[in-house]
Amino acid sequence: GASTSYNTSSDYRLKENVVPMSGSIDRLKQLKPSTWAWKVDGLHGEGFIAHEAQAIVPESVNGTKDAIKTEEYEVTPAVLDDDGNVVTEAVMGTREVPDYQGIDQSKLVPLLTAALQEAITKIETLTTRIEALEV
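What comes next is a walk through the structure. Because the structure is a prediction, the values reported are computed rather than measured.

1. Focus: the pattern of salt bridges
Oppositely charged side chains can form a pair if their charged atoms are brought close together. This model, assessed by the stated rule, comprises 3 salt bridges. In this structure, Asp11 and Arg13 form a salt bridge, with 2.7 Å as the shortest nitrogen-oxygen distance. Classification of Arg13 as exposed rests on a relative accessible area of 64%. One salt bridge in this structure joins Glu71 and Arg95, with 2.9 Å as the shortest N-O distance. You can see Glu71 sitting in strand S4 (residues 68-76) and its partner Arg95 sitting in strand S7 (residues 91-98), a full 24 residues away along the chain. By relative accessible area, Glu71 is classed as partly exposed at 29%. For Arg95, a relative accessible area of 38% puts it in the partly exposed group.

2. Quick word on the packing of aromatic side chains
Each aromatic ring pair is characterised by the separation of its centres together with the angle its planes make. In total, this model carries 1 aromatic pair according to the counting rule given. Aromatic side chains Trp36 and Trp38 sit 5.6 Å apart centroid to centroid with 85° between the ring planes, which places their arrangement in the edge-to-face category. In this structure Trp36 comes out as partly exposed when scored by relative accessible area, which is 23%. Residue placement shows Arg95 over the ring face of Tyr73; its charged tip is 4.1 Å from the ring centre.

3. Here's the deal with a nonpolar patch on the surface
A surface patch of nonpolar side chains, about 380 Å² in accessible area, is lined by Trp38, Val40 and Leu43. Take Leu43: it is sitting in the loop between strand S1 (34-37) and strand S2 (44-47). By relative accessible area, Leu43 is classed as exposed at 52%.

4. Digging into the pairing of S1
Alignment of S1 against S2, held across 4 bridges, turns out to be antiparallel. When the bridges of S2 are listed, Thr35 appears paired with Glu46. Turn length for the S1-S2 hairpin, with the two strands adjacent in sequence and antiparallel, is 6 residues, and the turn residue Gly42 shows positive phi of about 75°.

5. As for the environment of Glu16
Along the chain, the position of Glu16 falls in the segment before helix H1 (24-30). According to the relative accessible area criterion, Glu16 is exposed, its value standing at 67%.

6. Let's talk about helix H3 (residues 109-134)
Compared with an ideal rise of 1.5 Å per residue, which puts 26 residues at 38 Å, H3 spans 37 Å between its outermost C-alpha atoms and is within 8% of the ideal. For H3, the elements touching its buried residues are H1 and helix H2 (50-56).

7. Re the nonpolar core
In this structure, Leu31, Phe48, Ala50, Ala53, Ile56, Val57, Val61, Leu108 and Leu111 together form the largest nonpolar core, which totals 9 residues. By residue number, the principal contributor to this core is H2, which donates 3 residues. The residues touching Leu108, leaving out its near neighbours within four places in the chain, are Phe48, Val57 and Ser60.

8. Things to note about the environment of Ser22
Among the structural elements, Ser22 can be located in the segment before H1. Residue classification places Ser22 among the exposed positions, given a relative accessible area of 61%. Residues Ser22 and Asp83, 61 residues apart in the sequence, show an inter-C-alpha distance of 69 Å.

Reading guide: rules and limits
- Residues numbered from 1 in each chain as written.
- Predicted model: local features only at pLDDT ≥ 70, side-chain atom pairs only at ≥ 80, totals over all residues.
- Heavy atoms only, no water.
- Salt bridge = Lys/Arg side-chain N within 4 Å of Asp/Glu carboxyl O.
- Buried < 20%, exposed > 50% of the residue type's maximum accessible area, 1.4 Å probe, protein only.
- Helix = DSSP H or I, 4+ residues; strand = E, 2+ residues; numbered from the N terminus.
- Phe/Tyr/Trp six-rings, centres within 6.5 Å; stacked < 30°, edge-to-face > 60°.
- Lys NZ or Arg CZ within 6 Å of the ring centre and 35° of its normal.
- Patch = residues over 30% accessible without salt bridge, like charges linked within 9 Å, V, L, I, M, F, W, Y side chains within 5 Å.
- Areas by Shrake-Rupley, 256 points an atom, 1.4 Å probe, with all protein chains shown as cover.
- Pairing = 2+ DSSP bridges.
- Expected span 1.5 Å × (residues − 1).
- Contact = heavy atoms within 4.5 Å.
- Core = buried A, V, L, I, M, F, W, Y, C linked by side-chain atoms within 4.5 Å.

And the structure:
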């Protein structure tokens, strides 16, 4: 009986300069949906590569392509006596590790919806023209 809901603020009172999306089909055609195997476990995945999608729908991606961050790690653990007191402090080090990008695929929905609407409009226009020619 439990559920999770993800909501994003969308009230019109929070927005200004609202205009319909256009050119969505052209943008959509630039996206490169892919399939892959995850390196960690070989499981199948499908979707988008973050930096590729970022070029088309920047608001859908967080992070920077090929970013690196400094991470602290324990080289040698602390030595404790029988009472749990630190006899020798832990030796810490730092290393450079990838700072991976992420994608919020829900941010692609407006583009997908607008592209579908544009396609439907084209289909309806062509259907009307064909029907007129067949009469």
